[in-house]
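Here is what each chain is made of, one letter per residue.
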Amino acid sequence: MKTTSIWKATADKQINFPPLQKDITVDVAIVGGGITGLMSALFLSEAGKKVAVFEALNVGLGTTGYSTGNLYSIVDEHLSKIKSKWDKEVMINVVKSRSRALDLIEQTINKFGIECDFARQPFHYFAEKLDDYAVEFLNEEHTTAQEAGLNATLTSDIPLNFPVERGLRIENQAQFHPLKFIRGLAEKVSDKFMIFENTKIEEIDEDNITLKTASNTIKADKIIIATHTPKGIFAVQSFMGPYREYGVAGTLKSGNYPQGIFWQVSEGKKHSVRSFNDNGKNYIMVIGEKHKTGQEDDSTNREQRLEKYLKVRCDIDTFEYRWGGQHYRSADGLAFIGQSFMTDDTYIATGFATDGLVYGTLAAMIIKDHILGKRNEYFEMYNSRRITPLKSAASFIKENINEVIQYLKDYPGNADADEFSEVKKDEGKIIEIKGEKCGVYRDEDDKLHIVSAVCTHMKCIVNWNNLEKSWDCPCHGSRFNCKGEVIEGPAFSGLTLLTETKLKNKK
Ligand code: FES
């Protein structure tokens, strides 16, 4: 089985854009080449703005290429929960705003002729056992979905290839291939704005509206930070928790590949199931096993549990792909879209939970209107400067106690190995040497990779993720490879590289 997202493995062409090689001045500088960044660039350039997108890797290879490819108007937090945390009007407006964004994705695909396997499909909640929790959940979601104007029906006819007692079907949602969409979009609209790949932004100066790479400076009137969670230190990071989820995809020996989006209804662990056809070859995939980033001892078990989930329900032939993705959940249940707390000229878009493909497009619509001085009816609802102590209280306290616990791990004596020799092949451990916490990974060739275990964002201690071979920070979700280089998250700089000799000679 390959460790790569199914989208990365099946999106045939990668278009290459050059890195930035000189200083430039633009109207709008966008950090991040995922769906939020590229849709913002498209809308603003069509309105006459000079726009440039800066992507540290290649377009779509951040979060978008590791998403589910599901497009829906409801939310991961559930509509009934949004209604009880906020009110009926907010719940309805969440659905209306997301439905508009979903329509806009479809219009963009049609307008530019982007081949990305887009199809309107029904969304289903499914309960394998109709216990009290499932009955209450399905009834509540049915009522709220109807209040929001969605075409929702309670049914026991859920087209999965394993037994389901009851479900809720919501019509006219959609699916696509997220990486084909992003690459196709970049290719079709690259004459409208500039895209620079392999261009890592190392500093964002909000006061002077300036971005810096290692060798160049970008001056702009406005900055949009479209990096899933904003790069740098932002107040909003205290109102969100970072989570990882995993996916596995395989083929069937027999049985149908279910068409649509399927979310399990369960009081405990929840899974989502979908299928995908790649040029005549079908795959079934399951996503789940969510946990707080950087707070898992053995994520390999999670992947095995996902395989088992499908194996006991379907006639699996082989598993071909496995991957992990990250999301950030806001404490009050709504995404944060709008200006940063520091200045009016920097925009952020984050806290999308697992609903980022539609929220990313919605963020592009809202931010475009605000930059152009137009009133957007959803700006206030998602305003990134909102403070909602009552609606956030329980989640906020939970996330922040959790964060404090992660800081406390910095106290001496919390290392999980004493010597380098205790670190086996293909294993990562924290070792404390003369008061310094080190992240030590011994690769398959017996080579040690040693980095400082202190996260460069706000100094939490990172943990080893043995499934994805990364050092993950439990506080705000920064992730680093075994050489300490930043993979994702708010940290700008990598973990400090250390050597065995240097550490042993340390006084
Ligand atoms: Fe904030 Fe590590 S991501 S301290």
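Notes on the structure follow. (Residues numbered from 1 in each chain as written. Predicted model: local features only at pLDDT ≥ 70, side-chain atom pairs only at ≥ 80, totals over all residues. Heavy atoms only, no water.)

**Quick look at the overall build of the protein chain**
Line of reasoning, step 1. The secondary structure content of the protein chain amounts to 11 helices and 26 strands.
Line of reasoning, step 2. For the protein chain, the C-alpha radius of gyration of 23 Å lies close to 23 Å, the compact-globule estimate for 507 residues.
Line of reasoning, step 3. C-alpha atoms of the protein chain, sized along the principal axes, occupy 70 × 55 × 50 Å.
Line of reasoning, step 4. The long-range fraction of contacts in the protein chain, counting pairs at least 24 apart against all pairs at least 6 apart in sequence, stands at 70%.
Line of reasoning, step 5. Carbon and sulfur atoms make up 47% of the accessible area of the protein chain, which totals about 20,600 Å². (Helix = DSSP H or I, 4+ residues; strand = E, 2+ residues; numbered from the N terminus. Rg over C-alpha atoms; globule rule 2.2 N^0.38 Å. Contact = heavy atoms within 4.5 Å. Areas by Shrake-Rupley, 256 points an atom, 1.4 Å probe, with all protein chains shown as cover.)

**Comments concerning the nonpolar core**
Line of reasoning, step 1. Of all hydrophobic cores here, the largest spans 79 residues; its most connected members are Phe-181 and Tyr-382.
Line of reasoning, step 2. Ignoring any residue separated from it by four or fewer positions in sequence, one finds Tyr-382 in contact with Asn-93, Val-94, Ser-97, Arg-98, Leu-334, Ala-335, Phe-336, Ile-337, Tyr-359, Leu-362 and Ile-366.
Line of reasoning, step 3. Formed by 23 residues, the second largest nonpolar core is a distinct cluster that contains Ile-24, Ile-218, Ile-225 and Phe-336. (Core = buried A, V, L, I, M, F, W, Y, C linked by side-chain atoms within 4.5 Å. Buried < 20%, exposed > 50% of the residue type's maximum accessible area, 1.4 Å probe, protein only.)

**Describing the pattern of salt bridges**
When the charged atoms of two side chains lie near each other, side chains of opposite charge can form a pair.
Line of reasoning, step 1. What the rule picks out here adds up to 27 salt bridges.
Line of reasoning, step 2. With a closest N to O distance of 3.1 Å, Arg-305 and Glu-289 form a salt bridge. Note that Arg-305 is positioned in helix 7 (residues 299-311) and Glu-289 in strand 15 (residues 281-292), a separation of 16 residues in sequence.
Line of reasoning, step 3. Given a relative accessible area of 36%, Arg-305 falls into the partly exposed group.
Line of reasoning, step 4. With relative accessibility at 3%, the residue Glu-289 sits in the buried group.
Line of reasoning, step 5. A salt bridge links Asp-332 to Arg-386; the nearest nitrogen and oxygen atoms lie 2.7 Å apart. One end of the pair, Asp-332, is in the loop between strand 16 (315-330) and strand 17 (336-339); the other, Arg-386, is in the loop between helix 9 (379-382) and helix 10 (389-408), and 54 residues separate them in sequence. (Salt bridge = Lys/Arg side-chain N within 4 Å of Asp/Glu carboxyl O.)

**A word on the state of the cysteines**
Line of reasoning, step 1. Counted under the stated rule, the structure contains 1 disulfide.
Line of reasoning, step 2. A sulfur-sulfur distance of 1.9 Å marks the disulfide that ties Cys-460 to Cys-475. A torsion of -75 degrees about the S-S bond marks the disulfide between Cys-460 and Cys-475 as left-handed. Of this pair, Cys-460 sits in the loop between strand 21 (448-452) and strand 22 (463-465) while Cys-475 sits in the loop between strand 23 (470-472) and strand 24 (479-481); the two residues are 15 residues apart in sequence, bridging distant segments of the chain. This pair shows no difference in class: Cys-460 is buried, exactly as Cys-475 is.
Line of reasoning, step 3. Cysteine Cys-482 shares no disulfide, and the gap to the nearest cysteine sulfur, in Cys-438, comes to 15 Å.
Line of reasoning, step 4. Looking at Cys-482, the relative accessible area reads 15%, which means it is buried. (Disulfide = S-S within 2.5 Å.)

**Comments concerning a negative patch on the surface**
Line of reasoning, step 1. Together, Asp-131, Asp-132, Glu-136, Glu-140, Glu-165 and Glu-267 give the surface a local cluster of negative charge.
Line of reasoning, step 2. Within the element layout of this structure, Asp-132 appears in helix 5 (residues 132-147). (Patch = residues over 30% accessible without salt bridge, like charges linked within 9 Å, V, L, I, M, F, W, Y side chains within 5 Å. Lys, Arg positive; Asp, Glu negative; His and termini not counted. Charge placed at Lys NZ, Arg CZ, Asp CG, Glu CD.)

**Thoughts on the environment of Phe-352**
Line of reasoning, step 1. For Phe-352, the position within the fold is in the loop between strand 18 (346-350) and helix 8 (356-371).
Line of reasoning, step 2. With 19 residues separating them along the chain, Phe-352 and Gly-333 place their C-alpha atoms 8.9 Å apart.
Line of reasoning, step 3. Apart from the residues lying within four places of it in its own chain, the contact partners of Phe-352 are Thr-36, Tyr-328, Ala-335, Ile-337, Tyr-359, Gly-360 and Ala-363.

**Here we look at the packing of helix 2 (residues 35-46) against helix 8**
Line of reasoning, step 1. Running from N to C, helix 2 and helix 8 cross one another at 35 degrees; their axes reach a closest spacing of 8 Å. You can see that helix 2 and helix 8 cross each other, and the crossing is right-handed. Contact residues: helix 2 offers Ile-35, Thr-36, Met-39, Ser-40, Phe-43 and Leu-44, while helix 8 offers Gly-356, Leu-357, Gly-360, Thr-361, Ala-363, Ala-364, Met-365, Lys-368 and Ile-371.
Line of reasoning, step 2. A class-by-class count of the residues in the contact of helix 2 with helix 8 yields 9 nonpolar, 5 polar and 1 charged. (Axes fitted to C-alpha atoms, helices over the stretch in contact; angles between N-to-C directions. Left-handed = near helix turned anticlockwise from the far one by under 90°. Nonpolar A, V, L, I, M, F, W, Y, C, P; charged D, E, K, R; others polar.)

**Section: the pairing of strand 19 (residues 427-433)**
Line of reasoning, step 1. The element strand 19 is largely enclosed, with a buried count of 6 among its 7 residues.
Line of reasoning, step 2. Where strand 19 lies against strand 20 (residues 436-442), 7 bridges are found, and the strand directions are antiparallel. When the bridges of strand 20 are listed, Ile-433 appears paired with Glu-436.
Line of reasoning, step 3. In sequence, strand 19 turns back onto strand 20 through a hairpin of 2 residues, with Lys-434 there showing a positive phi of about 45 degrees. (Pairing = 2+ DSSP bridges.)

**Observations regarding the environment of Gln-173**
Line of reasoning, step 1. Checked against the element boundaries, Gln-173 lands in strand 7 (residues 166-175).
Line of reasoning, step 2. On the basis of relative accessibility, which here comes to 2%, the residue Gln-173 falls in the buried class.
Line of reasoning, step 3. In this structure, the C-alpha to C-alpha distance between Gln-173 and Gly-241, residues 68 residues apart in sequence, is 27 Å.
Line of reasoning, step 4. Excluding residues within four positions of it along the chain, Gln-173 makes contact with Leu-71, Tyr-72, Ser-73, Ile-74, Leu-102, Ala-119, Arg-120, Gln-121, Phe-123, Leu-150 and Ile-261.

**Description of helix 8**
Line of reasoning, step 1. Counted at 1.5 Å a residue, the expected span for helix 8 with its 16 residues is 22 Å, and the 21 Å between its end C-alpha atoms agrees.
Line of reasoning, step 2. The element helix 8 is extensively covered by neighbouring structure, given that 14 of its 16 residues are classed as buried.
Line of reasoning, step 3. Phi turns positive one or two residues past the end of helix 8, at Gly-373, with a value near 75 degrees. (Expected span 1.5 Å × (residues − 1).)

**Details of helix 5**
Line of reasoning, step 1. When the terminal C-alpha atoms of helix 5 are compared, their 23 Å separation across 16 residues agrees well with the 22 Å that a helix rising 1.5 Å per residue should span.
Line of reasoning, step 2. Those residues of helix 5 not exposed but buried are Ala-134, Phe-137, Leu-138, Glu-141, His-142, Thr-144 and Ala-145.
Line of reasoning, step 3. Elements in contact with the buried residues of helix 5: helix 3 (79-85), helix 4 (88-112), strand 5 (119-127), strand 6 (152-155) and strand 7.
Line of reasoning, step 4. After helix 5 finishes, the residue Gly-149 shows a positive phi value of roughly 90 degrees.

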